Amino acid sequence: MVKQKTPVQKNEMINLTFEDLTHDGDGVGKVNGYPIFVPYALPGEKAKVKVIKVKKKFGFGKLLHIDEVSDERVEPPCDVYIQCGGCQLQHMSYAMQLEMKRNQVINTLRKIGHIENIPVHPTIGMDDPWRYRNKVQIPVRYRHGELITGFYRKRSHDIIEGMDRCVITAEINDRMVEAVRRMADRLGITAYDEEKHAGVLRHIMVRTGQETGETMIVLVTRTEDFSYKQELVKELHETYPQIKSIVQNINKEKTNVILGKKTKVLWGAEYIYDNIGDIQFAISAKSFYQVNPPQTKKLYDKALEYADLTGGETVIDAYCGIGTISLFLAQKAKKVYGVEIVPEAIEDAKKNAQLNHIDNTEFYVGEAEKIMPWWTAQGLSPDVIVVDPPRKGCDEALLEAMLTMKPDRIVYVSCNPSTLARDLKILEEGGYKTKQVQPVDMFPQTAHVECVAEIVRK
Ligand code: SAH
């Protein structure tokens, strides 16, 4: 087979003008119509690029020198931005990040969903788009005679050395990680050795309620018993009064999964508390909890607005997780039914309903696509359905079930514009109309975009 000739060759040095951005935030420049994706390049820039990979329809390049710098380029505050890869947009002004996310939603809706001419509102951002993450989980290793912590280098299990902060993580969590590392090191607690599957401390996980300031420390260890455990626990809570809970999670497996099955409270409470709006949440070591509660509040306020409840409605919250949206909705609806596949999440949802004295919710464990047809058979007829599926979007059977149930409105919360667009197309073909879409920036400095869509019956 004759190999088709591409306009550029591997290892070639070229001059490129950037016009656009990919969904991952890479710059896109073209040579005779052939797109080349270059990380860290911005639209409007001209740069020298080394071609590093050539495919039939597109290639990849490495930024060597920027000859014309965009006004939107900013200095990334993180020392290990390039090595880490956890953030993709720190070199871009925040205004441009918000604009990029909105454009991504507009373009994806048009290309995949054939949805045009509807309002896609400007992305709701944060006033201060740094230090927002309320949770950190960081690996521990032994190097140069001491314990070290740090994220893995991109696509590796090699810890980035000298990393003592993460600029998108709450400062208190950075400090707690450092405190555990220092104390464990001084006491002589060993770090996990991945190759030999030996040693003790695998990960340090810290979660702090932003509103309450309560901190939980989770020590993820290979063995249940280890020397100096009690000393570490005592020193930690005696030194830092904001620590309300110290938990051990035991992970004996040779695995990349961070948490093991067994958790036990070593000191203090089993839960810490935090609020999103008026709703209080009890969070255990293994609970899912939104990492950016203030933005979550803005997202769910929009979902509530689009649900347009007056107090008499029956609502279904599919993929309800720990019931965050359900509890928001319940304050304005007659009854909310939540369904979720993870049993522990449903237990949290029920507990959180009780905690907030909300008694018009019912939560079920199961696959939403199976429970919803069963509800229909039981005669349940919702006025509003809210869905908040994982990245792969709604199951087809669930979309079918929604079309059979014929609610007046559907509110779709999505963390992936591509699957949102695909599913909206199916709903539009089934007699619904997308009225508006609101992107919300839940994860500043990263390429993730979250949005909520209002969908009504034609
Ligand atoms: N709104 C939720 C989070 C939703 S994330 C909250 O605030 O807690 C998506 C959820 O869908 C996850 O909790 C995941 O466990 C759940 N899920 C995935 N597949 C599912 C399925 N087939 N049926 C029901 N729930 C599912």
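Residues numbered from 1 in each chain as written. Predicted model: local features only at pLDDT ≥ 70, side-chain atom pairs only at ≥ 80, totals over all residues. Heavy atoms only, no water.

The protein is annotated in an unreviewed UniProt entry as 23S rRNA (Uracil1939-C5)-methyltransferase of Aquibacillus albus.

Draft legend 1. Representation of the overall build of the protein in the model. Helix and strand counts for the protein stand at ten helices and 20 strands. Over its C-alpha trace the protein gives a radius of gyration of 24 Å, about what one expects of a compact globule, namely 23 Å for 458 residues. By its C-alpha atoms, the protein is 65 × 65 × 45 Å across when sized along the principal axes. Residues counted as buried form 54% of the 458 residues belonging to the protein. (Helix = DSSP H or I, 4+ residues; strand = E, 2+ residues; numbered from the N terminus. Rg over C-alpha atoms; globule rule 2.2 N^0.38 Å. Buried < 20%, exposed > 50% of the residue type's maximum accessible area, 1.4 Å probe, protein only.)

Draft legend 2. Quick peek at the site of the ligand. Lining the immediate surroundings of the ligand are 18 residues, of which Thr324, Glu340, Ala368, Glu369 and Asp388 lie closest. At a separation of 3.1 Å, an oxygen atom of the ligand approaches a polar backbone atom of Ile322. One nitrogen or oxygen atom from the side chain of Asp388 is found 2.8 Å from a nitrogen atom belonging to the ligand. Secondary-structure elements contributing two or more residues to the shell around the ligand are helix 6 (324-330) and helix 8 (368-377). (Near = heavy atom within 4 Å. Polar contact = N/O pair within 3.5 Å; in protein donor to acceptor, adjacent residues only side chain to side chain.)

Draft legend 3. Looking closely at the environment of Glu305. Tracing the backbone through its elements, the reader meets Glu305 in helix 5 (residues 293-307). The exposure class of Glu305 is partly exposed, given its relative accessible area of 47%. Once the C-alpha coordinates of Glu305 and Arg102 are considered, the two residues, 203 residues apart in sequence, prove to be 20 Å apart.

Draft legend 4. Local environment of the UniProt feature "active site" (unreviewed entry) in the protein. When the UniProt feature table is mapped onto this chain, "active site" (unreviewed entry) is found at Cys415. By the element assignment, Cys415 lies in the loop between strand 18 (409-414) and helix 10 (417-429). If sequence neighbours within four positions are ignored, Cys415 has contacts with Pro389, Pro390, Arg391, Val449 and Glu450. (UniProt positions renumbered as here; feature names shortened; annotations may be inferred. Contact = heavy atoms within 4.5 Å.)

Draft legend 5. Representation of the sheet that holds strand 10 (residues 243-250). With mixed pairing, the six strands of this open sheet are ordered in space as 7-6-8-9-10-11. Only two strands of the sheet have a single partner each, and these edge strands are strand 7 (146-149) and strand 11 (262-268). For this sheet, the mean inter-axis angle between neighbouring strands, taken without regard to orientation, is 25°. Note: strand 10 against strand 11, six bridges, orientation antiparallel. The residue of strand 11 that forms the bridge with Ile250 is Lys262. Running at roughly 145° to strand 8 (residues 201-208), helix 3 (residues 171-187) makes contact with strand 6 (135-143), strand 7, strand 8, strand 9 (215-221) and strand 10 of the sheet. (Pairing = 2+ DSSP bridges. Axes fitted to C-alpha atoms, helices over the stretch in contact; angles between N-to-C directions.)

Draft legend 6. Molecular detail of the packing of aromatic side chains. Going through the model one piece at a time under the given rule, you end up with nine aromatic pairs. Here Phe37 and Phe60 contribute two aromatic rings whose centre-to-centre distance is 5.7 Å and whose plane-to-plane angle is 65°, an arrangement assigned as edge-to-face. Highlighted residues: Phe37 in strand 3 (residues 34-38) and Phe60 in strand 5 (residues 59-68), separated in sequence by 23 residues. A relative accessible area of 18% means that Phe37 is categorised as buried. (Phe/Tyr/Trp six-rings, centres within 6.5 Å; stacked < 30°, edge-to-face > 60°.)

Draft legend 7. Layout of the UniProt feature "domain: TRAM" (unreviewed entry) in the protein. Within the UniProt annotation, "domain: TRAM" (unreviewed entry) is assigned to residues 7-65. The span residues 7-65 carries 0% helix and 59% strand; its end-to-end C-alpha distance comes to 21 Å.

Draft legend 8. Here's a closer look at the sheet that holds strand 5. Spatial strand order, 1-2-3-5-4: five strands in a closed barrel with mixed pairing. Taking each pair of neighbouring strands and ignoring which way they run, the sheet shows an average axis angle of 50°.

Draft legend 9. Representation of the nonpolar core. Ranked by size, the top nonpolar core spans 45 residues in total, and within it Ile204, Ile217, Leu219, Leu236 and Ile246 carry the most contacts. Taken together, the elements giving at least two residues each to this core come down to helix 1 (81-84), helix 2 (94-113), strand 6, helix 3, strand 8, strand 9, helix 4 (229-239) and strand 10. At eight residues, the largest contribution of residues to this core is made by helix 3. Excluding its chain neighbours within four sequence positions, the residues that come into contact with Ile217 are Met176, Val180, Met205, Val206, Ile243, Ser245, Ile246 and Val247. (Core = buried A, V, L, I, M, F, W, Y, C linked by side-chain atoms within 4.5 Å.)

Draft legend 10. Structural context of the pattern of salt bridges. On inspection of all chains with the given rule, the structure shows 26 salt bridges. The partner of Arg73 in a salt bridge is Glu45, and the shortest N-O contact between them spans 2.8 Å. In this pair, Arg73 sits in the loop between strand 5 and helix 1 while Glu45 sits in the loop between strand 3 and strand 4 (46-54), placing the two residues 28 residues apart along the sequence. Judged by relative accessible area, which is 0%, Glu45 ranks as buried. Across the pair Lys196 and Asp193 runs a salt bridge whose closest N-O atoms are separated by 3.9 Å. (Salt bridge = Lys/Arg side-chain N within 4 Å of Asp/Glu carboxyl O.)

Draft legend 11. Here's a closer look at the environment of Pro444. With respect to the helices and strands, Pro444 occurs in the loop between strand 19 (432-440) and strand 20 (450-457). C-alpha separation for the pair Pro444 and Pro129, spaced 315 residues apart in sequence, amounts to 5.7 Å. Not counting residues within four places of it along the chain, the set of residues in contact with Pro444 comprises Tyr94, Gln97, Lys101, Met126, Pro129, Tyr132, Ile168 and Asn292.

Draft legend 12. Main features of unusual backbone geometry. Phi is positive for Asn32, close to 50°, though the residue is something other than glycine. With respect to the helices and strands, Asn32 occurs in the loop between strand 2 (27-31) and strand 3. The class of Asn32 is exposed, set by a relative accessible area of 75%. A positive phi angle, near 75°, is found at Gln445, a position not held by glycine. By secondary structure assignment, the location of Gln445 is in the loop between strand 19 and strand 20.

Draft legend 13. Helix 4, seen in detail. Every buried residue of helix 4 is accounted for by Lys229, Leu232, Val233, Leu236 and His237. Each buried residue of helix 4 lies within a common arc of 110° when the element is viewed along its axis, so the set occupies one face. Turned more than 90 degrees away from the buried face of helix 4, the exposed residues are Gln230 and Glu238. Tucked inside the fold, the buried residues of helix 4 contact helix 3, strand 9, strand 10 and strand 11. (Arc of directions from axis to C-beta.)

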